[in-house]
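Summary of structural features
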Amino acid sequence: MTHLWFENALLPQGWAQRVRIGISGGCIVSVDADIAPLPGDERHSTALPGLCNVHSHGFQRGMAGLSERRGRPDDDFWSWREVMYRFLDRLTPDDIAAITAQAYVEMLESGFTRVGEFHYLHNDIDGRRYADPAETAGAIVAAAQTSGIGLTLLPVFYAHGDFGGAAPAPGQRRFLSTIDDFAPLVEASRSKLPADARQGIAPHSLRAITPDELAAILPLAHDGPIHIHAAEQMREVEACVAWSRARPVEWLLDHAEIDARWCLIHATHLSDAECDRLAASGAVAGLCPVTEANLGDGIFPAERYLGAGGRFGVGTDSNILVDAAAELRAIEYSQRLTHRRRAVLADDREPSVGKRLFTTALQGGAQALGVAGGLQVGASADLVSLDRTHPAMAGADTDTLFDRWVFAARSSVIDCVWRGGRKQVEGGRHVAAGQVSEAYRRTVAGLLS
Ligand SMILES: [Zn+2]
């Protein structure tokens with residue numbers, strides 16, 4: 001049993017002072033407030049619960065910055081996707097493990113303590129299943145163990161190139177499954193998970209799966225979460241309307257019993273009716289605003305959605321830049337630029353934009369990854385401590401602390417991060433950062449040579 005003591009900590013009921021947290025077996029076993037530290041307690045200033053990163057494709061970290069040059073005048077998401085397909089043409093499972101470990105180290109250093117890996121790179125370079133159908137899932141598990149991050153694995157079902165069961169393109173051969181060979185992959189993946197990992201299921205998108213296939217794979221989620229890409233691109237919305245006369249989120253709400261088990265990734269392009277229905281469904285919108293900005297996707301209607309009581313989590317998606325605070329900031333800034341107002345996502349009950357974004361993403365993220373979040377007995381001991389001597393924190397109190405972190409600090413404001421009770425980040429740096437980044441450099445240099 002170890003004890004951490006904090007001058008203040010954000011508990012589920014709000015800020016508490018002089019907080020002593022007992023940890024055993026990776027979980028929080030006691031939380032006591034207004035208590036003095038005892039000899040042997042490790043002392044820090046401010047504790048926050050770690051955030052869940054609801055959406056990642058770990059291998060894409062290796063191509064970050066490689067698609068920022070103009071290829072043609074109408075470059076967009078679809079031309080980026082061609083660059084991504086070429087990048088993964090050569091990736092081996094060892095490459096995936098090395099690149100993903102780097103992404104996960106960066107997630108921990110930025111305050112994420114669990115990742116939802118939307119894992120679709122299942123097949124060998126020639127498109128055939130590996131002898132072990134969970135070969136690449138094993139690479140993801142290895143990256144999670146190297147970094148120490150919590151893992152919710154979301155094996156992806158991907159079978160088609162567009163709406164209506166269209167044939168896949170050659171560049172999609174490493175993603176493809178059939179109904180028959182997907183269940184063995186899911187079960188083989190499950191057998192590789194460490195004890196505190198979770199597994200759900202991810203129908204890739206309505207572009208990649210037919211309604212019959214969707215119905216067939218959902219039972220494979222068991223009690224885990226269900227994630228799907230939806231409405232990231234207007235071309236996708238238009239193609240969905242041409243196929244079904246409904247928009248993607250509308251189609252899912254009408255046909256897929258969307259509820260609290262679901263996380264709709266992006267959900268960027270919503271009509272007002274879709275926005276209100278999604279908010280009422282209890283599902284989580286998985287917002288990835290840094291990637292969505294990078295890819296030119298569009299702006300999620302966050303003001304209306306939060307006003308309707310909608311839940312969201314944040315994800316780093318393409319991992320172009322891995323930073324929890326940057327995701328939260330980008331949600332608010334996209335609304336300011338749209339509405340030409342400030343503090344758009346605060347409300348009467350919570351005037352601090354940073355705190356409202358953080359606490360909403362904390363709850364929605366935990367729901368979307370199938371875990372209990374927050375600093376409470378029984379939850380995984382996933383904590384982040386902030387450096388209150390950082391210049392961005394000068395004069396900050398608990399009322400303004402989140403706004404300082406989200407809007408005015410760089411990631412160096414994070415001091416320590418514990419995951420499952422183990423301190424993985426100290427002084428802002430992951431304990432294995434040197435070794436992981438060396439393997440990452442070697443891997444990416446080899447891939448690009
Ligand atoms: Zn994605």
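What you are looking at is a predicted structure, and each value in this text was computed from that prediction instead of being measured. (Residues numbered from 1 in each chain as written. Predicted model: local features only at pLDDT ≥ 70, side-chain atom pairs only at ≥ 80, totals over all residues. Heavy atoms only, no water.)

1. Digging into the pattern of salt bridges
Throughout the structure, instances matching the rule amount to 24 salt bridges. A salt bridge links D181 to R129, with the nearest nitrogen and oxygen atoms 3.0 Å apart. Of the two residues, D181 sits in helix α4 (residues 179–191) while R129 sits in the loop between β6 (112–119) and α3 (135–147), which places them 52 residues apart along the sequence. Given the relative accessible area of 22%, R129 is considered partly exposed. Across the pair K423 and E426 runs a salt bridge whose closest N-O atoms are separated by 3.0 Å. (Salt bridge = Lys/Arg side-chain N within 4 Å of Asp/Glu carboxyl O. Helix = DSSP H or I, 4+ residues; strand = E, 2+ residues; numbered from the N terminus. Buried < 20%, exposed > 50% of the residue type's maximum accessible area, 1.4 Å probe, protein only.)

2. Quick look at the coordination of the zinc ion
Those donors, H55 (NE2), H57 (NE2), H229 (NE2) and D317 (OD), are the protein atoms that reach the zinc ion, and they lie 2.1 to 2.7 Å from it. One can describe the site at the zinc ion as irregular: its four donor atoms subtend angles covering 82 to 167° at the metal. Donor residues binding the zinc ion come from one chain and are separated in sequence as H-x1-H-x171-H-x87-D. Here H57 is found in the loop between β5 (51–56) and α1 (77–88), whereas its partner D317 is found in the loop between β13 (311–314) and α11 (324–339), with 260 residues between them in sequence. Assigned by exposure class, H57 and D317 land together as buried. (Donors = N, O, S within 2.8 Å, 3.2 Å for Na, K, Ca; no water. Tetrahedral: all angles 85-135°; square planar, octahedral: opposite > 155°, others 65-115°.)

3. Section: empty space enclosed by the protein
Under the counting rule described, the total for this entry stands at three cavities of 30 Å³ or more. A volume near 190 Å³ is recorded for the largest cavity. Along its surface, the largest cavity is lined by 19 residues, and F77, W80, M84, H204 and H229 are the ones closest to its centre. Top element by residues in the lining of the largest cavity is α1. It accounts for five residues. The residue makeup of the lining of the largest cavity, split by class, is eight nonpolar, seven polar and four charged. (1 Å grid on protein atoms, 1.4 Å probe; cavity = no way out; pocket = protein on both sides within 12 Å on 5 of 7 lines; lining within 4 Å. Points joined across faces, edges and corners; volume = space filled by probe spheres on them. Nonpolar A, V, L, I, M, F, W, Y, C, P; charged D, E, K, R; others polar.)

4. Topic: the sheet that holds strand β3 (residues 27–32)
Pairing is mixed across the open sheet formed by eight strands, whose spatial order is β3-β2-β1-β4-β14-β15-β16-β17. Strands at the two margins of the open sheet, each flanked by one partner only, are β3 and β17 (429–430). Sheet analysis places strand β14 (residues 383–386) next to strand β15 (residues 414–419), joined by four bridges and oriented antiparallel. By the bridge assignment, S385 is partnered in β15 with C416. (Pairing = 2+ DSSP bridges.)

5. A word on the layout of surface pockets
Approximately 700 Å³ is the volume attributed to the largest pocket. Elements that contribute at least two residues to the lining of the largest pocket include exactly β1 (2–11), β13 and α12 (353–369). For the lining of the largest pocket, the element with the most residues is α12, which contributes nine residues. Each residue belonging to the lining of the largest pocket can be placed in one class, and the counts come to nine nonpolar, 11 polar and six charged.

6. Some points on the pairing of strand β16 (residues 422–426)
Walk down a regular strand and you will see the side chains alternate between the two sheet faces. Inspection of the sheet shows β15 paired to β16 by three bridges, in the antiparallel sense. Looking at β16, one finds that W418 is bridged to K423. Between β15 and β16, which pair antiparallel and follow one another directly, the connecting turn spans two residues, one of which, G420, has a positive phi of 55°. One ladder, built from two bridges, connects β16 with β17; its direction is antiparallel. Residue E426 lies in a different strand from β17, and its bridge partner there is R429. Connecting β16 to the next strand, β17, in antiparallel fashion are two residues, including G427 with a positive phi near 60°.

7. Focus on unusual backbone geometry
Although it is not a glycine, H222 adopts a positive phi angle of roughly 50°. For H222, the position within the fold is in the loop between α5 (211–217) and β10 (226–230). One non-glycine residue with positive phi stands out, namely A267, at about 50°. By the secondary structure assignment, A267 is in the loop between β11 (262–266) and α8 (272–281). Owing to a relative accessible area of 0%, A267 belongs among the buried residues under this scheme.

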